[in-house]
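# Observations on chain architecture
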Amino acid sequence: ISVIQIIFDTMSMIMPIYFVLATFCIVVYAYQLAAYLNTVYYKEKKMSFRKLLKDKGCRGEYRTSQQFEKLIPNAKMIFNAYISKNETETTEIDIIVISKYGIYVVENKNYKGWIFGDEKSQKWCQHLSKKKKFFFYNPIKQNNTHIESLRALLKENNLEKEIRSYVCFNGNAVFKKMNVSSPNIVVTKSADLYKHIDKSVEYITSEEVHKIYTLLKPYTKVSEDKKRQHIDSIKSKYKNEQNF
C-alpha cells in the first residue's frame, strides 16, 4: 500500500468527524444567535452577537440581564447610562432594571477567582492564586455613587422611587469573605439572583415604569468623545487602583 493511499484512507475516515463537529458548532451558534436576538439586551443595545462574544464585560452584563429578564419578565432595562455626577463628570451605570417592585441599580463584575470584600472597605481583593492577587475599588461604593446621581435625576423629575443596589459577579467568582449588612444592598452571583428578588410589594405603577424608562433612555446615547472623557476621568481619579 502506498503512502498516498494510506493518507487518503485516513483522511476519508477523519473528514466525516470534522463535518459532524462543524455542523454541530454551526447549529449551536445559530441557536444562540436566535436566542440572543430575542433578548432585552440586544433590543436595547443593538450589539452584534459577534461583538458580544469578543467583549468580556458585555458578556457579563448580558448574563446578568438574562437572569433579570427571567425573574421580572415585564421589567424595563437600561444599559450603560451616562448620568451627570456634577458639572464636569459623569457616572456610568451598567444596568438599571425598572420594575413595579423597585429600581435595581446593577454594577456588574465579570471576575473570576476568590473575592474578598467588605461593605465599608475602600478596596476589595481578587485572589487568583497564592502569588497572584489584585485589588479593585469597592463596587458597593462605586454603585453608591451611581445611585446618588440617579436619585438626584429622578427627584428632579418627580420620579424618585424605591432603589436597590446590586453588585453582580459572573463566571467563576467565589465569595470567600463577604461582609454586607445594609438591607438595600445585595452582592451576589448573577446565577443566584433568584434568591434576592423580592416581589411581595409593588412600589411603582406601570405608568411610572414607562416614564422612568423614557427619562433614562436618552442617557445611553452618548458620543464616543463623551465615553472617552468618562474613561479618562476614571483613570485619572483611580490611577493608583489596580484592576479597576
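The paragraphs below set out a description of the structure included in this document. (Residues numbered from 1 in each chain as written. Predicted model: local features only at pLDDT ≥ 70, side-chain atom pairs only at ≥ 80, totals over all residues. Heavy atoms only, no water.)

A separate point is helix α4 (residues 56-71). For α4, with 16 residues, the first-to-last C-alpha span of 23 Å sits near the 22 Å given by 1.5 Å per residue. All of the buried residues in α4 are Cys58, Gly60, Glu61, Tyr62, Thr64, Ser65, Phe68 and Leu71. Two or three places before Gly57, at the start of α4, stands the capping residue Asp55, its side-chain oxygen 3.1 Å from that residue's backbone nitrogen. (Helix = DSSP H or I, 4+ residues; strand = E, 2+ residues; numbered from the N terminus. Expected span 1.5 Å × (residues − 1). Buried < 20%, exposed > 50% of the residue type's maximum accessible area, 1.4 Å probe, protein only. Polar contact = N/O pair within 3.5 Å; in protein donor to acceptor, adjacent residues only side chain to side chain.)

Right, let's talk about unusual backbone geometry for a bit. Within the chain, Lys46 stands out as a residue other than glycine whose phi angle is a positive 55°. Unlike most non-glycine residues, Asn158 shows phi in positive territory, near 55°. Among the residues examined, Asn158 registers a relative accessible area of 71% and is labelled exposed.

As a general point, the strands of a sheet are linked pairwise by backbone hydrogen bonds and lie either parallel or antiparallel. Within the open sheet, the 4 strands sit side by side as β6-β5-β4-β8. Their pairing is mixed. What marks the edges here is a single partner per strand, and that holds for β6 (132-137) and β8 (173-179). Going across the sheet, the axis of each strand differs from the next one's by a mean of 20°, ignoring polarity. For strand β4 (residues 113-118) and strand β5 (residues 123-129), the ladder comprises 3 bridges, and the chain directions are antiparallel. In the strand pairing of β5, Phe116 is matched with Cys125. Each of β5 and β6 is contacted by helix α5 (residues 139-156), which is oriented at about 25° to β6, the strand it contacts most. (Pairing = 2+ DSSP bridges. Axes fitted to C-alpha atoms, helices over the stretch in contact; angles between N-to-C directions. Contact = heavy atoms within 4.5 Å.)

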